[in-house]
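Observations on the three-dimensional arrangement
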Amino acid sequence: MTRLIVWRHGNTDWNAGHRVQGQTDVALNDLGRQQAVDAAELLVKFKPDAIVASDLRRAADTAAALAALTGLSIGYDKRLRERYFGAWQGLTMTQVAQNLPDQHARWSAGQEVGGDVETLDELGRRVSDALLDAAALAPPGGTVVVATHGAAARQGVGHLLGWPIEQLRTLRALQNCHWVELTHDDKRGWQVAAYNVGPFSERPVPPPV
């Protein structure tokens, strides 16, 4: 059985300020760096065989905390980047609601946003493709840890499992430095073993952008 851990990055100042990051390359803050270290101390117990990360700093630096404990090198994959949010990037969610009310209303309803925002289908396909390629790095019975982003993780996992968008909306957003544990075998395919796992369950959930 192959295990795939899909891990959201640690906290950033933009997370804390409810500002849309998208593919803007925002660094971890002090809290995020500590979250990455604390989470890595749990993830190392899975004895990962490979680590793959988005090339955006907040995910790459999160992965680096685990690499430091395992001695593994990190593979980088641009397909694991966060959803591209176009004109939303850099705005707070309050500003999005004020400046782009129609798009914000569609986003709130779980619909495609339109404009220059990447579609959920495009996001799901590119991230799930990257997840499959990452999983292929594991030896039989091995484990791969993938460091990515909130919306990317949820949509990529959902596409991998064949879930419709309506079903995905029943999942809460991943907290910073929490992860999804997936397993795969030849008879049952991909299954969710755990969701939103991590050492900071008591913390508020920043928006997954």
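**A few points about the overall build of the protein**
Along the protein, the regular secondary structure elements total 8 helices and 6 strands. Shown N-terminal to C-terminal, the secondary structure of the protein runs as helices and strands in the order β-α-α-β-α-β-α-α-α-β-α-α-β-β. In summary, the protein has a C-alpha radius of gyration of 16 Å against a globular reference of 17 Å for 209 residues, a match within 12%. For the protein, the residues scored as buried account for 52% of the 209 residues in total. A separation threshold of at least 6 residues defines the contact pool for the protein, and within that pool the share at least 24 residues apart is 70%.

**Quick notes on the packing of aromatic side chains**
Inspection of the entire model under this criterion finds 2 aromatic pairs. Centroid distance Phe85 to Trp88: 5.5 Å. Interplanar angle 40°. Geometry classified as tilted. A connected cluster of aromatic rings, assembled from ring pairs, spans Phe85, Trp88 and Trp107. Taking NZ or CZ as reference, Arg83 lies 5.1 Å from the ring centre of Phe85, over its face.

**Here we look at helix H3 (residues 57-70)**
End to end, H3 covers 20 Å across 14 residues, agreeing with the expected 20 Å (1.5 Å per residue, within 8%). Turning to H3, its buried residues number three or more, namely Arg58, Ala59, Ala60, Thr62, Ala63, Ala65, Leu66 and Ala67. Its buried side turned inward, H3 meets strand E1 (2-8), helix H2 (30-43), strand E2 (50-53), strand E3 (74-76) and strand E4 (143-148). Just beyond H3, the residue with positive phi is Gly71, at close to 80°.

**Things to note about the packing of helix H6 (residues 120-135) against helix H7 (residues 150-161)**
Between H6 and H7, whose axes approach to 7 Å, the crossing angle comes to 80°. When the interaxial angle is binned, H6 and H7 end up roughly perpendicular. Taken together, the residues of H7 that come into contact with H6 (itself represented by Leu120, Asp121, Leu123, Gly124, Arg125, Val127, Ser128, Leu131 and Leu132) are Ala151, Ala152, Gln155, Gly156, Val157, His159 and Leu160.

**Some thoughts on unusual backbone geometry**
Phi is positive for His18, close to 55°, though the residue is something other than glycine. Considering the arrangement of structural elements, one finds His18 in the loop between helix H1 (13-16) and H2. Even without being a glycine, Lys47 presents a positive backbone phi close to 55°. With respect to the element layout, Lys47 can be found in the loop between H2 and E2.

Conventions we followed
Residues numbered from 1 in each chain as written. Predicted model: local features only at pLDDT ≥ 70, side-chain atom pairs only at ≥ 80, totals over all residues. Heavy atoms only, no water. Helix = DSSP H or I, 4+ residues; strand = E, 2+ residues; numbered from the N terminus. Rg over C-alpha atoms; globule rule 2.2 N^0.38 Å. Buried < 20%, exposed > 50% of the residue type's maximum accessible area, 1.4 Å probe, protein only. Contact = heavy atoms within 4.5 Å. Phe/Tyr/Trp six-rings, centres within 6.5 Å; stacked < 30°, edge-to-face > 60°. Lys NZ or Arg CZ within 6 Å of the ring centre and 35° of its normal. Expected span 1.5 Å × (residues − 1). Axes fitted to C-alpha atoms, helices over the stretch in contact; angles between N-to-C directions. Parallel < 35°, antiparallel > 145°, perpendicular 65-115°, else oblique.

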